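Chain by chain, the residues run as shown.
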Amino acid sequence: TGTFLGTVRDTRGGEFLYRLHFDLYYMQPLWARWIIGACAMCMLVAILSGIITHRRIFQDIFTFRPRKGQRSWLDAHNATAVLALPFHLMITYTGL
């Protein structure tokens, strides 16, 4: 309806999380952003080289061999890593 619901609380939680994502605490912002940018670039190179190096990366999503002992745990590990890959790739790219 567009009616005013009340005042917004004056908390520092949102500001802390906002600054935490691209600044290092107790550092000059320019130096912190350069350090974070270098780390993000290294992470992006690592993710992309891992995708190129791992030939069967998308086959690992659908490969699961139950009741095979340690191989089942490795298949589950590969599947969760491949499912989380788009999130890590986009967070790294947008952070950079």
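Our structure's up above, just so we're on the same page.
Draft legend 1. Geometry of the environment of Cys 39. Positionally, Cys 39 belongs in helix α2 (residues 29-53). A residue is classified by how much of its surface remains accessible, and Cys 39, at 48% relative accessible area, is partly exposed. Spatially, the C-alpha atom of Cys 39 lies 36 Å from that of Arg 65, the residues being 26 residues apart in sequence.

Draft legend 2. Broad picture of the packing of α2 against helix α3 (residues 70-95). Running from N to C, α2 and α3 point in directions that differ by 145°, and their axes come no closer than 9 Å. By crossing handedness, the relation of α2 to α3 is classed as left-handed. When α2 is examined against α3, the residues Ala 40, Met 43, Leu 44, Ile 47, Leu 48 and Ile 51 are found in contact with a partner set consisting of Leu 85, His 88, Leu 89 and Thr 92. Across the contact of α2 with α3, the residue classes break down as eight nonpolar, two polar and no charged.

Cut-offs and rules
- Residues numbered from 1 in each chain as written.
- Predicted model: local features only at pLDDT ≥ 70, side-chain atom pairs only at ≥ 80, totals over all residues.
- Heavy atoms only, no water.
- Helix = DSSP H or I, 4+ residues; strand = E, 2+ residues; numbered from the N terminus.
- Buried < 20%, exposed > 50% of the residue type's maximum accessible area, 1.4 Å probe, protein only.
- Axes fitted to C-alpha atoms, helices over the stretch in contact; angles between N-to-C directions.
- Left-handed = near helix turned anticlockwise from the far one by under 90°.
- Contact = heavy atoms within 4.5 Å.
- Nonpolar A, V, L, I, M, F, W, Y, C, P; charged D, E, K, R; others polar.

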